[in-house]
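Structure at a glance
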Amino acid sequence: MAEFQKLVFSGVQPTGNLHLGNYLGAIRKFVALQKDNDCIYCVVDEHALTAQLVHEDLRGQTRAIAAAYIASGIDPKKHIVFNQSAVAGHAELAWIFNCVARIGWMERMTQFKDKAGGKNAEQVSLGLLAYPSLMAADILLYRATHVPVGDDQKQHLELTRDIAQKFNIDFSANIRKEGYGIDIKVGDEPVHAYFPMVEPLIDGPAPRVMSLRDGTKKMSKSDPSDLSRINLMDDAETISKKIRKAKTDPDGLPSEPEGLKGRPEADNLVGIYAALSDKTKADVLADYGGQQFSVFKPALIELAVSVLAPITEEMRRLTGDTSHIDAILRDGGERANARAEKTMKEVRDIIGFLR
Ligand code: TYM
């Protein structure tokens, strides 16, 4: 049995301020993965249109995400950093996947239900429904095998696997006839596959960073309370204020992770500490178990500021130099396009488009 070449792909939408959830759930993992892997990191500007069509400063938001990638430590020379709309293959493959996927698969997505919930069909864009098909195209255009994301994207990655599998099965005769694809195993089944079955990389101590005001709600760009999240552009004083005001319960910290069950706010703060220091929750509790939040919060503030302040400062510097960021994105776009075109040429052959 053969295997697809390991390739890491992920993306972040250029919509609103980046927060600690985006950093710990995604960008910090992107940085760690680049050491031993070939990586492509995308600013998914086409996705930004799904929930809101007109953006005041889409270019500025796109540059801000690219700046966050680079300020966090991603090397755009060794890897690829680019914006999605620079590579036409994303939209082209998404159209094909729209015809592979079933409407029911899309309607079952919890994120679609959350975002469209309460609105009538006249108010929701077709793009919002079809969004996971574009996300599958983002990944499979490069035949990427591993995708680091936060926990909220898990269902979209399962759908990406469903789309890849249906394509592989529906077109299996053509894939063979054109001489493309490899023999892989899906579970115990041997399959001749053109697209890989992507592996989500979600693990770690903070796969879902929660709101600082309510440990049962995800930290999110759209939460009306700014105190609920730490933004990557927050200064040290703001970070300190938000952590000091973070909701907690009256008990001290337990000595084992088991003791965090049923205590969402405590669990969240310990998870954040662990992710920021590349430790496990058990390690953190070995140091802080039995302590009160009056001791733990100042330690968390110090850690968060020491990790985030240099990133914020570098993001500020980079966003002030738009020609530098634009040159990085242009170069990344050209290299991404060369890889994407190879896939699209093969996909057109498999489908039977005349050329
Ligand atoms: P987006 O832009 O909403 O979020 C970017 C990344 O941040 C993660 N994230 C979180 N992780 C932990 N805790 C949180 N509170 C939190 N909030 C957000 C998200 O899981 C994500 O990894 N559909 C994607 C973008 C996308 C994509 C792709 C990702 C488009 N194409 C292909 C991977 C591969 C999205 O909307 O992420």
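These notes cover the structure that comes with them. This is a predicted model, so every value here is computed, not measured. (Residues numbered from 1 in each chain as written. Predicted model: local features only at pLDDT ≥ 70, side-chain atom pairs only at ≥ 80, totals over all residues. Heavy atoms only, no water.)

**Overview of the site of the ligand**
We count it as follows: Proximity is defined per residue: any heavy atom of the residue falling within 4 Å of a molecule or strand makes that residue near it. Here a polar contact is recorded for every N or O atom pair within 3.5 Å, except that within protein the pair must consist of a potential hydrogen donor and a potential acceptor, and residues adjacent in sequence are included only if both atoms are side-chain atoms. Only the protein chains shown count as cover for residues, and all accessible areas are computed by the Shrake-Rupley method using a 1.4 Å probe.
Near the ligand lie 27 residues; those nearest to it are Tyr131, Asp138, Gly150, Asp152 and Val209. Within the backbone of Gly21, one N or O atom sits 3.1 Å away from a nitrogen atom of the ligand. Asp152 places a polar side-chain atom, nitrogen or oxygen, 2.4 Å from an oxygen atom of the ligand. Coverage of the ligand by the protein amounts to 96% of the 720 Å² it exposes when considered alone.

**So, the side chain of Thr312**
Put simply, the rule reads: By the criteria applied, helices consist of DSSP H or I runs no shorter than four residues and strands consist of E runs no shorter than two, each listed in order from the N terminus. In what follows, residue pairs with any heavy atoms lying within 4.5 Å of each other are defined as contacts.
Here Thr312 shows up in helix α12 (residues 293–319). Not counting residues up to four positions away in its chain, the partners in contact with Thr312 are Leu232, Met233 and Asp234.

**Observations concerning the pattern of salt bridges**
The condition is simple: For this analysis, a salt bridge means a side-chain nitrogen from Lys or Arg found within 4 Å of a carboxyl oxygen belonging to Asp or Glu. Relative accessible area decides the class of each residue, using a 1.4 Å probe on protein chains only: under 20% of the type maximum gives buried, over 50% gives exposed, and in between gives partly exposed.
If you walk through the whole model with that rule in mind, you get 23 salt bridges. Arg317 serves as the salt-bridge partner of Glu314, at 3.0 Å between the closest nitrogen and oxygen. With Glu314 and Arg317 both in helix α12 and 3 residues apart, the pair spans about one turn of that helix. Owing to a relative accessible area of 25%, Glu314 belongs among the partly exposed residues under this scheme. As a salt-bridge pair, Lys345 and Asp349 come within 3.6 Å of each other at their nearest N and O atoms.

**Let's talk about unusual backbone geometry**
Both trends apply: most residues other than glycine have a negative phi, and most peptide bonds are in trans. One non-glycine residue, Arg143, lies in the positive phi region at around 50°. Among the structural elements, Arg143 can be located in the loop between α6 (126–140) and β4 (146–148). Arg143 gets classed as buried once you look at its relative accessible area, which sits at 18%. Of note in the backbone geometry, Asp278 takes a positive phi value of approximately 55° without being a glycine. Following the sequence through the fold, Asp278 ends up in the loop between α10 (264–276) and α11 (281–288). Exposure remark for Asp278: the relative accessible area of 64% places this residue in the exposed category.

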